[in-house]
Amino acid sequence: MATDDVVVDVSQDWVLACDVQQRFMQGLGRTSNSVEHSAQCRQVRALGGDCYDFMPLKDDRLALVVGDASGKGVAAALMIASVQSSLRTAALFMGNDPATLLKTVNLQAYASSLADRYATVFYGVFDRSTRMLRYVNAGHTPPVVLRRNGSIDTLETGGAPVGMFPDSSYEEGVAQLDPGDVVITYTDGVIEAANQSAEEWGVQGLFKATAAWSRQGTENAEHLVRSIFNSMDDFSRGRQTDDATLAVLRVL
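Note that the structure is a prediction, hence the values are computed from the model and not measured. (Residues numbered from 1 in each chain as written. Predicted model: local features only at pLDDT ≥ 70, side-chain atom pairs only at ≥ 80, totals over all residues. Heavy atoms only, no water.)

As for the nonpolar core
No. 1: If you look at the biggest cluster of nonpolar residues, it comprises 26 residues, and the most contacted ones within it are Val83, Leu87, Leu101, Leu102, Val121, Tyr123 and Val162.
No. 2: Broken down by secondary-structure element, the contributors of at least two residues to this core are β3 (50-57), β4 (61-69), α2 (73-94), α3 (98-112), β5 (119-127) and β6 (132-138).
No. 3: Counting residues per element, this core draws most heavily on α2, which supplies 7 residues.
No. 4: Listed in part, the 21 residues of the second largest apolar core include Leu146, Tyr186, Ala193 and Leu206. (Core = buried A, V, L, I, M, F, W, Y, C linked by side-chain atoms within 4.5 Å. Buried < 20%, exposed > 50% of the residue type's maximum accessible area, 1.4 Å probe, protein only. Helix = DSSP H or I, 4+ residues; strand = E, 2+ residues; numbered from the N terminus.)

Right under this line is the structure:
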């Protein structure tokens with residue numbers, strides 16, 4: 001067939017790719033009798049390198065995932081889609097073992113990605129019966145636990161980003177959660193939002209936004225996600241230069 005006879009509808013392929021990526025992230029406003037969660041992913045372009053996921057596991061547990069691939073655009077989207085797919089598959093067999101799961105996903109990511117491609121990942125498993133969160137932070141921006149008493153903990157235990165080294169091993173961290181505690185996971189695009197003077201919103205901006213939400217007395221995970229993004233946008237005047245993702249888990 002001659003080249004002239006081949007018509008490639010790039011715009012249609014692009015729309016389809018965007019739709020597929022969005023279908024990977026449908027965890028808004030889910031609630032059970034023990035926990036509620038909400039999330040939002042705002043890519044700079046229609047396709048991007050951020051992801052989040054909430055996956056029900058056996059033994060009445062819930063997995064929380066937030067990832068951020070290096071780079072932007074199509075290349076980052078392909079990388080994070082591969083990682084998220086590997087996470088979902090591995091979770092079917094070893095979802096309750098965060099350290100082993102991340103080691104497996106890392107090997108897959110390293111084997112299938114280019115030398116300069118990697119992804120930071122936070123993977124946590126919340127046990128509804130004990131309210132314990134077991135997690136691995138693979139090079140990701142540390143999530144925060146906003147305690148009901150106002151104190152804040154960070155979740156940093158883990159290892160290197162996936163896909164960076166073939167022999168990475170991972171250490172599991174543990175956080176005991178109580179009713180009213182909130183886990184806030186995010187990508188660096190949230191805290192690196194900058195105003196016109198090139199000042200970054202930073203972790204302090206995130207803390208101020210969560211404190212304002214607490215004072216409002218609207219204890220709702222979905223409202224918290226909206227409040228944080230609204231505060232970030234107010235600071236940056238709506239300027240967004242990097243993919244930004246928030247995923248919140250609140251213990252009831």
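Examining the environment of Arg226
No. 1: Mapped onto the secondary structure, Arg226 falls in helix α6 (residues 221-236).
No. 2: Look at Arg226 and you get partly exposed, because its relative accessible area is 42%.
No. 3: Remark: the alpha-carbon pair of Arg226 and Ser38, spanning 188 residues in sequence, is separated by 9.7 Å.

Section: α6
No. 1: The first and last C-alpha atoms of α6 sit 23 Å apart over 16 residues, in line with the 22 Å expected at 1.5 Å per residue.
No. 2: Of the positions making up α6, those classed as buried are Ala221, His223, Leu224, Val225, Ser227, Ile228, Phe229, Met232 and Ser236.
No. 3: Structurally, the start of α6 carries an N-cap: the backbone nitrogen of Glu222 is 2.9 Å from a side-chain oxygen of Asn220.
No. 4: A positive backbone phi angle near 55° is found at Arg237, which sits one or two residues after α6. (Expected span 1.5 Å × (residues − 1). Polar contact = N/O pair within 3.5 Å; in protein donor to acceptor, adjacent residues only side chain to side chain.)

So, the packing of aromatic side chains
No. 1: Tallied over the entire structure, the rule returns 2 aromatic pairs.
No. 2: Here the aromatic rings of Tyr52 and Phe54 are separated by 6.1 Å at their centres, their planes lie at 55°, and the arrangement is tilted. (Phe/Tyr/Trp six-rings, centres within 6.5 Å; stacked < 30°, edge-to-face > 60°.)

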